[in-house]
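Close look at the chain arrangement
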Amino acid sequence: MEWDWNFVWEIMPTLIQGVKITILATLLGSVLAAIVGLGIALARRSPNKALSRTVGWAAEFIRGTPLLVQLYFIFYVLPDIGILLPPLVAGVIGLGLHYGTYTAEVYRAGIDNVPRGQWEAAKACNLSASQTWTHIIIPQAIPPMIPALANYFIAMFKETPLLSAITVLELMNQAKSVANTYYRYIEPITLVGAFFLVISLFSVVLLRWLERRYGKIER
Amino acid sequence: MTQWSGYFGLILQGALVTIELTLMGSVLALIMAFLAGMGRVSRFFALRWLATAYIEFFRGTSIFVQLFWAYFVLPFIGISLTPLQAGVLALGLNVGAYAAEVVRGAIQSIGREQYEACTALNLGRWQGMRHIILPQALLVMLPTFGNNAIELLKATAVVSLISLTDLTFQAQVVRAQTGNTLVPFTTILIIYFILALLISWGVRSLERRMARGLDGVRA
């Protein structure tokens, strides 16, 4: 079987549509992962032992099991208890939860890296707990984490093809449906690979820039 | 009342396939990691370039796409793989690329004085690598290798999509036959988690064994 450029141009619009959904899922998933991660990191630091243990175990469990199975779980099991989610929403929740457990570690390291003196100074200035977090700790903790967070978002982008398993019409699913219609696999699947490679390489350039811009910790 | 014991046997068979895939994939990944990782610190330009190309390619595209490419596209250029072969190939090459960076990082983390001592003792490049550098670097690599092995275990869930009868595939079979979603998916989530715990426990005890007698040697 030969590589056919005409076929490539013919299927390109369909694939571009898939790319849009892929990018949308990645962006929404990243936002959710950033929020979930912060929630987990804060809960694990909570003085309430029951809360921090439970959240710690749950995060450990989510990190130790495959994303694909979690997606199936969200998409097929939740309807049994009356929660019916559209595929894309289920996919974004799955991505956000799974990567939230990873970003939680990034937040933890970032928060631990804020020097003790800052906490003590906040206390000396008579700031309340919430003031300390919003004005002192978070603003100093976030910038050094940005490259590490971006790294996980790129990893998440590469996991989005899994969403095709729960019928989200993203890049991989569009390619599969095209391949099954024309019974030609070489072009669609190779193109999917090429799309991913190109977008990943671009994001690596972006990541390097982020590292230069935010990676240095000024002491 | 559904006869769960028979279905549970089915899931156990799936667990065996998952374990087999994880083991074979890990072996391939380990080989590729050392080949590419040492290639990246080679003094030959061609080898360095080849290793970098391999690593960037397999880290830049998603495991899912690589698997589909191995299973659906390779037959058209005359290489027909069974689902198991395609699975092991894709998993091993993908995780191998990540682990190669671990190998490179560990080799470069060994202090300059060790290399200078090798030169002073008149060891050849290969001798120094084999007897001095690698034994120390191995200990640095081990924890991250453990994480990579868990990533590989989780990635094996994807092979269910190319009709390999692993845990996730069997759970889908059970789901189709019983109409019950909660029980099979919860069961396999727990099995995956136990396997992940086993890996991290195994790596930790291996690390303790290898670190024996090295106390105080490492800075």
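Keep in mind the model is a prediction, meaning the values are calculated, not measured. (Residues numbered from 1 in each chain as written. Chains lettered and ligands numbered in written order. Predicted model: local features only at pLDDT ≥ 70, side-chain atom pairs only at ≥ 80, totals over all residues. Heavy atoms only, no water.)

1. Regarding the overall build of chain A
The cut-off we apply is this: Secondary structure elements follow DSSP: runs of H or I of four or more residues count as helices, runs of E of two or more count as strands, with numbering from the N terminus. Each residue's exposure class comes from its accessible area (1.4 Å probe, protein chains only) as a fraction of the maximum for that residue type: buried when under 20%, exposed when over 50%, partly exposed otherwise. Methods summary: accessible areas were calculated by the Shrake-Rupley approach with a probe of 1.4 Å, and residue burial reflects only the protein chains presented. Positive residues here are Lys and Arg, negative ones are Asp and Glu, while His and the chain termini are left out of the count. The atom standing in for a charge is NZ when the residue is Lys, CZ when it is Arg, CG when it is Asp and CD when it is Glu.
Along chain A, the regular secondary structure elements total 8 helices and 0 strands. When the backbone C-alpha atoms are referred to their principal axes, chain A occupies close to 75 × 45 × 25 Å. The 219 residues of chain A split such that 45% are buried. Total accessible area computed for chain A in this model is approximately 11200 Å², and 65% of it derives from carbon and sulfur atoms. Charge centroids of chain A, computed over 17 positive and 13 negative side chains, lie 14 Å from each other.

2. Things to note about the UniProt feature "domain: ABC transmembrane type-1" (unreviewed entry) in chain B
Applicable threshold: UniProt positions are given in the numbering used here, feature names are shortened, and annotations may be inferred rather than shown by experiment.
Within the UniProt annotation, "domain: ABC transmembrane type-1" (unreviewed entry) is assigned to residues 15–199 of chain B. As a span, residues 15–199 of chain B carries 81% helix and 0% strand, and end to end its C-alpha atoms are 15 Å apart.

3. Observations regarding the UniProt feature "transmembrane region" (unreviewed entry) in chain A
Residues and elements named next belong to chain A. The feature "transmembrane region" (unreviewed entry), as annotated in UniProt, sits at residues 20–43, 81–99 and 189–210 in this numbering. Helix makes up 100% of residues 20–43 and strand makes up 0%, while its end C-alpha atoms are separated by 34 Å. Within the segment residues 189–210, helix and strand shares are 100% and 0% respectively, and the terminal C-alpha atoms sit 31 Å apart.

4. Quick look at the UniProt feature "transmembrane region" (unreviewed entry) in chain B
Residues given the UniProt feature "transmembrane region" (unreviewed entry) here are residues 6–36, 57–78 and 182–203 of chain B. Regarding residues 57–78 of chain B, the helix share stands at 68% and the strand share at 0%, and the terminal C-alpha atoms are separated by 22 Å.

5. Details of the packing of aromatic side chains
For any two aromatic rings, the description comes down to two numbers: the centre-to-centre distance and the angle of the planes. All names here are of chain A. Our working definition: Aromatic contacts are taken between Phe, Tyr and Trp rings whose centres are within 6.5 Å, Trp giving its six-membered ring; a plane angle under 30 degrees counts as stacked, one over 60 as edge-to-face, and the others as tilted.
Using the criterion set out here, one finds 21 aromatic pairs over all chains in the structure. An angle of 75° between the planes, with centres 5.2 Å apart, marks the rings of Phe7 and Tyr182 as edge-to-face. Taken together, the positions of Phe7 in helix α1 (residues 5–45) and Tyr182 in helix α7 (residues 171–182) put the pair 175 residues apart, joining distant regions of the chain. Since its relative accessible area comes to 5%, Phe7 is described here as buried.

6. A closer look at the interface of chain A and chain B
Our working rule: Residues count as neighbours in contact if any of their non-hydrogen atoms are within 4.5 Å of one another. Put simply, buried area is the surface a 1.4 Å probe can reach on two separate parts but cannot reach once they are joined, added for both. Criterion for a salt bridge: a side-chain nitrogen of Lys or Arg within 4 Å of a carboxyl oxygen of Asp or Glu. Under this definition, polar contacts are N or O atom pairs within 3.5 Å; protein pairs additionally need one hydrogen-donor-capable and one acceptor-capable atom, and for neighbouring residues in sequence, both atoms have to be side-chain atoms. Each residue gets one label: Ala, Val, Leu, Ile, Met, Phe, Trp, Tyr, Cys and Pro are nonpolar, Asp, Glu, Lys and Arg are charged, and the others, such as Gly, are polar.
Counting residues at the interface gives 35 residues for chain A and 33 residues for chain B. Around 3100 Å² of area is buried between chain A and chain B when both sides are counted, 78% of it from carbon and sulfur atoms. Joining chain A to chain B, the criterion identifies 0 salt bridges. Across the chain A-chain B interface, the total number found is 10 residue pairs in polar contact (both at pLDDT 80 or more). At the level of elements, α2 (49–64), α3 (67–77), α4 (87–112), α7 and α8 (186–214) of chain A are the ones that each hand at least two residues to the side of chain A that touches chain B. The residue inventory of the side of chain A that touches chain B, partitioned by class, reads 22 nonpolar, 8 polar and 5 charged.

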